[in-house]
Amino acid sequence: MRNVTSLPIPGSLQRNAKRWTRELLVELKKRKVLTKDPLFNRYNQNVDVKNTLKEMYNTCCCFCGADIEPVSFGHIEHRKPKKTYPKSTYDWDNLHLVCDPCNISKGNKYSKRHPILDAVADVPVSDFLRYKTYLDKTYVKHLHPRGETTRVHADLNRDPLLDGRFKVNQKTLNLIEVINDAIEENKLDERDMDVELIELKDKTKKTYGGLIEQLCKTYLHPQVKDEVLDDN
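Keep in mind that this is a model prediction, so the values were computed, not measured.

*Asks:* Give me the nonpolar core: which residues, what numbers.
*Replies:* Ranked by size, the top nonpolar core spans 51 residues in total, and within it Phe 63, Cys 102 and Leu 200 carry the most contacts. At the level of elements, helix 1 (11-30), helix 2 (48-57), strand 2 (95-98), strand 3 (129-134), helix 5 (159-184), helix 6 (193-203), helix 7 (209-219) and helix 8 (222-229) are the ones that each hand at least two residues to this core. Broken down by element, this core gets its largest block of residues, six residues, from helix 5. Apart from residues no more than four positions distant in its own chain, Phe 63 is found in contact with Met 1, Glu 77, Val 98, Cys 102, Lys 106, Ile 116, Leu 117, Thr 150, Ala 154 and Leu 156.

Now the structure itself:
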């Protein structure tokens, strides 16, 4: 999981969110409305909500950080479930981008005492979660009860994630080692280091970016650390 910066509210929500919410609440008083009812999903009429979330998260899941687009269109995630918090169904700050497995695992779970983390508001997310590698697996470990909620509700230590993160962990450490060695040997100017640094910085915004950011903070040479992490 990594922090992201919220983008401006999509036009369809600016124009319609209050009306859609009002009409939904009226119907809920009249009859039982299932969450699959169009009244709960009227943003699907407009692509701007999903597209803005894809841009905000760089097409990665808000919880596990895996890239969504190769295998799925992704889902619009209601951090506060719309079933129990219908008033927040169309609140922009309640909408996020999520992959299929995280979406299925979280479902309608929500802890009032220790709510699941918000990638926009809970800064830095590294105060709540960290990554630890044991043998050939890279795990999410919680540092705070809200981190535990997030790990459990989104099932962040399922097997495909453990394996995928480990591969990224190893590749990132190898790249950091190349950069650090060049700096220590005073060969920074002899290499096209801008390529490696740009590649590393770009990786912090993509698949498992939170893990890569943690590795950079921990292992990357201080001389270039700020250059890679300056806008993270």
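Let's pick the thread back up.
*Asks:* So what's going on with the packing of helix 5 against helix 7? Which residues, and what values?
*Replies:* Contact pair helix 5 / helix 7: the axes reach a minimum separation of 10 Å and the direction vectors enclose 35°. In this structure, helix 5 crosses over helix 7, and the sense of that crossing is right-handed. Contact residues: Arg 165, Val 168, Asn 169, Thr 172, Leu 173, Ile 176 and Asn 180 in helix 5; Leu 211, Ile 212, Leu 215, Cys 216 and Tyr 219 in helix 7. Considering only residue class, the contact of helix 5 with helix 7 consists of eight nonpolar, three polar and one charged.

*Asks:* Quick rundown of the pairing of strand 4 (residues 137-142)? Include the residues and the values.
*Replies:* When strand 3 meets strand 4, the two strands line up antiparallel, connected through six bridges. Across the sheet, the residue bridging to Thr 133 is Thr 138, located in strand 4. Where strand 3 folds back on strand 4, the antiparallel hairpin that results is connected by two residues, among which Leu 135 adopts a positive phi of roughly 55°.

*Asks:* Help me get a handle on the packing of aromatic side chains, residues and values and all.
*Replies:* If you walk through the whole model with that rule in mind, you get four aromatic pairs. Between Tyr 134 and Tyr 139 the ring centres are 5.9 Å apart and the planes differ by 55°, which places this aromatic pair in the tilted class. Assessed through its relative accessible area of 45%, Tyr 134 is described here as partly exposed. The structure contains a cluster of three or more aromatic residues connected by ring pairs, namely Trp 20, Tyr 43 and Tyr 90. Residue placement shows Lys 80 over the ring face of Tyr 85; its charged tip is 5.4 Å from the ring centre. Above the face of the Tyr 139 ring, Lys 141 is positioned so that its terminal group lies 5.3 Å from the ring centre.

The rules we used
- Residues numbered from 1 in each chain as written.
- Predicted model: local features only at pLDDT ≥ 70, side-chain atom pairs only at ≥ 80, totals over all residues.
- Heavy atoms only, no water.
- Core = buried A, V, L, I, M, F, W, Y, C linked by side-chain atoms within 4.5 Å.
- Buried < 20%, exposed > 50% of the residue type's maximum accessible area, 1.4 Å probe, protein only.
- Helix = DSSP H or I, 4+ residues; strand = E, 2+ residues; numbered from the N terminus.
- Contact = heavy atoms within 4.5 Å.
- Axes fitted to C-alpha atoms, helices over the stretch in contact; angles between N-to-C directions.
- Left-handed = near helix turned anticlockwise from the far one by under 90°.
- Nonpolar A, V, L, I, M, F, W, Y, C, P; charged D, E, K, R; others polar.
- Pairing = 2+ DSSP bridges.
- Phe/Tyr/Trp six-rings, centres within 6.5 Å; stacked < 30°, edge-to-face > 60°.
- Lys NZ or Arg CZ within 6 Å of the ring centre and 35° of its normal.

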